[in-house]
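# Descriptive structure summary
Spelled out, the chains give:
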Amino acid sequence: MRNLVTLLLAMLTFGAYAQVVEQDTVLTQQLEEVVVSSRVIDVAKERLTPVAVSTITASEISLKVGNQEFPEIMNNTPGVYATKQGGGYGDSRISLRGFDQRNTSFLINGQPVNDMENGWVYWSNWQGLTDVASGIQIQRGLGASRLAVPSVGGTVSIFTKTAQIAEGGSLTQSLGNDGYRKTSALYNTGKNENGFAASVLLSRWQGDGYVNFTGGEGWTYFFALGYDPDDSNHAFNLSVLGAGQWHHQRSAWVSIRDYENFGSEGIDRRWNTNGGYLNGEEYNIRRNFYNKPLATLNWDWDISSNIQLNTSLYASAGRGGGTGPRGNNYRNSDIDLYPFRQDLTEQFEEGKGVASRDSNGFINFDNVVAVNQATTEGYDGPISGFAGQLIGGNRNPGGNVNRNVLIRRASMNSHDWIGGISSLDITSGKFKYSLGVDLRSYKGYHYRVVNDLLGLDGYYSGGNRNSAGQIINTTIEANPFKNTGIRGPKIDYYNIGNVKWTGFNGMAEYNGDVFTAVVQAGTSTQSYQREDYFDQPANPISDKKSIGGGYLKGGVNYNISDVSNIFANGGLISRQPLFDAVFPNYQNDVNPNLQNEKINSLEVGYGFNNGKLKFDINAYTTVWGNRFVSRSLTNQQGVDGFAQFRNIDVVHNGIEFEGRYRYSRNTTFKGMLSMGDWRYTKNFESELFDDNQQLIGTGTLYTKGAKVGDAAQFVANFQVDQRFGSKFKVDASYRFVDGLYADYSITDSAFTQADNKGAVKLPSYSLVDAGATFYISPSFTLRANMNNVFDTTYIAESNSNIHAEAGSATWNGIDTRNSVWFGFGRTWNASLKYTF
């Protein structure tokens, strides 16, 4: 009885997290050297778990990622499409089976890391994962995770290093194209006689960026302390992971003809309309900065030989945001440069917005400072303490406040997040049962502050409707380790989002000699509340809205023989809407027409593994309805804003193949094929808001039958790994991408008419990557990578749908007025690692 009471108290206090599959500390053949920090982490196992799964080991990550973005290491697995987007450090994104990362679940050591308000994952916050990841498992579709409401596209589970048993460490120095430099140091104390072990890692990176004006730098820090005595039923692991950084960005989409007309001759993939120079140094109106430490405490308790309680507590306090323009500078022809229409070519042709740009199109921010000062008269308004000073503002309340200026503001998206997950697992013969809860509490802080006055003495803000306005002359550094202004003066808006989550789940699993079956069910309640300190004096705090959701899923696996198996899974999901759907108009009024998103999924697959040849093939269908989407954009008038889309329905069908053939001890071939047919099944409504969160337009997007854009629907990959003796090996991969369509946009006229041509199909492309490893000695390893070996020019994604017609200027058949991201050209990196 005493043990039972203790067990129930632990579950209620810490939360629970059920496991669907058998787990070990060191995973076997499929995961090779991947190590997990706790049994709380769900891991799919070959020939047991009825899901489509791919695994990337720690050695693959450390050898091949180099100076690439972390999501790109997954690009050679079925269903994955990852790009660098604008190309700033950490600005990448990933899709799985055509669903973006808002709708793909990302876990680090079992903890969810998707933003609890908008579902996004900001990879700049997790750049340190390249240093500490011990493996990645991509579970496509319903997956093996038992979060209370699973994702739509799949689950990407990332495992980090633990406190290592053996003493030792390493020093690594990396170099890459465009000034990239990274230094890493790792030390493990090893496990002592009392069962304690500790590991610490510290690294620093910096670089100029492949894209013009996208320099950045950052630190990664990691600490793990483990306690696992040989004679104890308890094991603990405490870890802290963080990656504070800042980097300049290319956030404004660029037209193809801008790539042609500015920068180097031909298509200049490095072109960036955001940046220029101030006082002789690189300056960019868009700068991202963030620090998001994640602390985790895992506790594994063997209550008896067949009962286990596995618990994880975690907390994160993210601080930072991104800079951008503020002021009506477009009213001043001498500095009209940003915001700008997406096509700079048109601005030059019309002679607009070019006074602060040189002949190359780069921004002369020194001119911005000079014009700000020359066109602003001394303040003589009623606010004391600022007489005679140069004051700008978004509007003019009198007193010589100049609204025709440009400053750099910082939009903050900080948060406090705590949670607990735990699982009670009971084994009885061939049956396994599990019960769990998943608890989360999230508070998001959203506000703007002044970052750079660009020559002015202060900035007038009338954004707070609770006051008559104020002049702000204090600035916040765009640095994640400095004051982010959470308690200081703010401009434009200041609101807080509160989200809480309570989930319960259960599982019953049968593991026979040849047959495995699992049934899972979960339910969750998500509560939402919005506080607004600026815009709604009469309604500063919304009502609290609680919405239930849940899922039912199951699967079976049958081992036909010792080398082959078949599996099937299916499920129904009712998923709560995101925060923006609950408060769709940036008001504290709860949406009266809320509805859960509905997802239905079915999948079948076959696997074969005789040791020499291994392959898996599967087919899936996913139907997803009642979606609500909110996106940021720049409209045709050059104004930053947001678009919201309602009642989106899609269907995603596809076939996936992944294989490996060990031709000999030294030669291995790998291959992957992913074929999809992803379409919208209805038209949907849209609304557009300006940067003050005011509604400025509505409309219908006619997308029925249109292809889903933003992710390739056909991808094939072939790779060869070749060893030469014990000291040298090379690897090369060929990747072919097709079926890539442009994404839709509310400002894109292609879908505003019922009779439209649908999404623009982008040109297919092929890329070759190569790498070589030289094991100099047992202590020294040299690695070099080259990506896009043949310097292929290709479009990675587009957010506009201008169809080419007779007489259109085109590039590879695409109208050059389209706004696109070109992929990077040839890049390289090399590292020398010393292990002791």
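The shown structure was predicted, so the numbers you read here are calculated from the model rather than taken from an experiment.

Below, the discussion takes up the overall build of the protein chain. A tally of regular secondary structure across the protein chain gives 7 helices and 45 strands. On C-alpha atoms alone, the protein chain measures out to a radius of gyration of 27 Å, which is about the 28 Å that the 2.2 N^0.38 rule sets for 836 residues. Across its three principal directions, the C-alpha atoms of the protein chain cover 80 × 60 × 60 Å. In the protein chain, the share of contacts with a sequence separation of at least 24, taken over all contacts with a separation of at least 6, comes to 69%. By element, 53% of the accessible surface of the protein chain is carried by carbon and sulfur atoms, the whole surface being about 31700 Å². In the protein chain, which carries 72 positive and 80 negative side-chain charges, the distance between the mean positions of the two groups comes to 3 Å.

Moving on: the packing of aromatic side chains. The geometry of an aromatic ring pair comes down to the distance between the two centres and the angle between the two planes. Summed over all chains, the structure comprises 42 aromatic pairs. With a centroid separation of 4.8 Å and an interplanar angle of 55 degrees, the aromatic rings of Tyr89 and Trp205 are classed as tilted. On the criterion of sequence distance, the pair formed by Tyr89 in the loop between strand 2 (80-83) and strand 3 (93-96) and Trp205 in strand 11 (residues 196-207) is long-range, its members being 116 residues apart. Judged by its relative accessible area of 5%, Trp205 falls in the buried class.

As for its position among the elements, Ser54 is in strand 1 (residues 52-57). Discounting residues that sit within four places of it in the chain, Ser54 has contacts with Thr77, Pro78, Ile136, Gln137, Ile138, Arg140 and Glu658. Within polar-contact distance, the side chain of Ser54 engages the side chain of Arg140 at 2.8 Å.

So, about the sheet that holds strand 2. The strand order across the open sheet formed by 3 strands is 2-3-4, and the pairing between neighbours is antiparallel. Edge positions in the open sheet fall to strand 2 and strand 4 (99-100), since each of these has one partner strand only. Where strand 3 and strand 4 come together, 2 bridges link them in antiparallel fashion. Counted as the bridge partner of Leu96 is Phe99 from strand 4.

What follows concerns the sheet that holds strand 5 (residues 105-108). Whenever strands of a sheet pair, they do so through backbone hydrogen bonds, lying parallel or antiparallel. Spatial ordering of the open sheet is given by 1-7-8-5-6, a layout of 5 strands whose pairing is mixed. The two strands at the open ends of the sheet, each matched to only one other strand, are strand 1 and strand 6 (111-112). Here strand 5 pairs with strand 6 via 2 bridges, running antiparallel. Looking across to strand 6, one finds that Leu107 is bridged to Pro112.

A separate point is unusual backbone geometry. With the exception of glycine, the majority of residues adopt a negative phi angle, and the majority of peptide bonds are in the trans configuration. The backbone of Asp178 shows a phi angle near 55 degrees, a positive value even though the residue is not glycine. If you trace the backbone, Asp178 turns up in the loop between strand 9 (168-176) and strand 10 (180-188). Given the relative accessible area of 24%, Asp178 is considered partly exposed. With a phi angle near 60 degrees, Phe213 is a residue other than glycine that sits in the positive phi range. Counting through the fold element by element, Phe213 comes out in the loop between strand 11 and strand 12 (216-227).

A separate point is the pairing of strand 5. Every regular strand shows the same layout, with side chains that alternate between the two sheet faces. Side-chain alternation along strand 5 places Ser105 and Leu107 on one buried face and Phe106 and Ile108 on a second face that is also buried. In terms of strand pairing, strand 5 meets strand 8 (residues 154-160) through 4 bridges, oriented parallel. Opposite Leu107, over in strand 8, you have Ser157 as the bridge partner.

Quick look at the pattern of salt bridges now. Per the stated rule, a full pass over the model turns up 29 salt bridges. Put simply, Arg269 and Asp791 hold a salt bridge, and the shortest N to O gap is 3.0 Å. Of this pair, Arg269 sits in the loop between helix 4 (256-261) and strand 16 (275-278) while Asp791 sits in the loop between strand 40 (780-787) and strand 41 (795-798), placing them 522 residues apart in sequence. A residue is classified by how much of its surface remains accessible, and Arg269, at 10% relative accessible area, is buried. For Asp791, a relative accessible area of 29% puts it in the partly exposed group.

Moving on: helix 6 (residues 365-374). Where helix 6 is concerned, the buried positions are Phe365, Val368, Val369, Val371 and Asn372. Buried residues along helix 6 sit against strand 16, strand 17 (281-284) and strand 21 (363-364). N-cap assignment for helix 6: the residue whose side-chain oxygen lies 3.1 Å from the backbone N of Asp366 is Asn364.

Attention now moves to the side chain of Asn498. Take Asn498: it is sitting in strand 27 (residues 491-511). Relative accessible area serves as the criterion here: at 16%, Asn498 is assigned to the buried category. At 2.8 Å, the side chain of Asn498 and the side chain of Glu531 are in polar contact. Once residues within four sequence positions are removed from consideration, Asn498 is found in contact with Tyr442, Lys443, Ser527, Tyr528, Gln529, Glu531 and Phe579.

You can see Gly263 is positioned in the loop between helix 4 and strand 16. Separated by 480 residues in sequence, Gly263 and Asp743 place their C-alpha atoms 26 Å apart.

Before going further, it helps to examine the side chain of Asn591. With respect to the secondary-structure elements, Asn591 resides in the loop between helix 7 (579-582) and strand 31 (597-609). By relative accessible area, Asn591 is classed as buried at 11%. For Asn591, the side chain forms a polar contact with the main-chain oxygen of Ala581, separated by 3.1 Å. The contacts of Asn591, once residues within four sequence positions are left out, are Ala581, Val582, Pro584 and Arg646.

Further remarks concern the environment of Gly242. Its location among the elements puts Gly242 in strand 13 (residues 234-242). Measuring from C-alpha to C-alpha, the distance between Gly242 and Phe222 comes to 6.6 Å, with 20 residues separating the pair along the chain. Among all residues touching Gly242, those that are not within four sequence positions of it are Trp219, Thr220, Tyr221, Lys292 and Pro293.

Bringing the confidence of the model for the protein chain into the picture now. On average, residues of the protein chain score 89 in pLDDT, and 92% of them are at 70 or above. The model gives residues 1-34 a pLDDT under 50, and that stretch makes 117 contacts with residues more than four places away or in other chains.

Cut-offs and rules
- Residues numbered from 1 in each chain as written.
- Predicted model: local features only at pLDDT ≥ 70, side-chain atom pairs only at ≥ 80, totals over all residues.
- Heavy atoms only, no water.
- Helix = DSSP H or I, 4+ residues; strand = E, 2+ residues; numbered from the N terminus.
- Rg over C-alpha atoms; globule rule 2.2 N^0.38 Å.
- Contact = heavy atoms within 4.5 Å.
- Areas by Shrake-Rupley, 256 points an atom, 1.4 Å probe, with all protein chains shown as cover.
- Lys, Arg positive; Asp, Glu negative; His and termini not counted.
- Charge placed at Lys NZ, Arg CZ, Asp CG, Glu CD.
- Phe/Tyr/Trp six-rings, centres within 6.5 Å; stacked < 30°, edge-to-face > 60°.
- Buried < 20%, exposed > 50% of the residue type's maximum accessible area, 1.4 Å probe, protein only.
- Polar contact = N/O pair within 3.5 Å; in protein donor to acceptor, adjacent residues only side chain to side chain.
- Pairing = 2+ DSSP bridges.
- Salt bridge = Lys/Arg side-chain N within 4 Å of Asp/Glu carboxyl O.
- pLDDT = per-residue confidence, 0-100.

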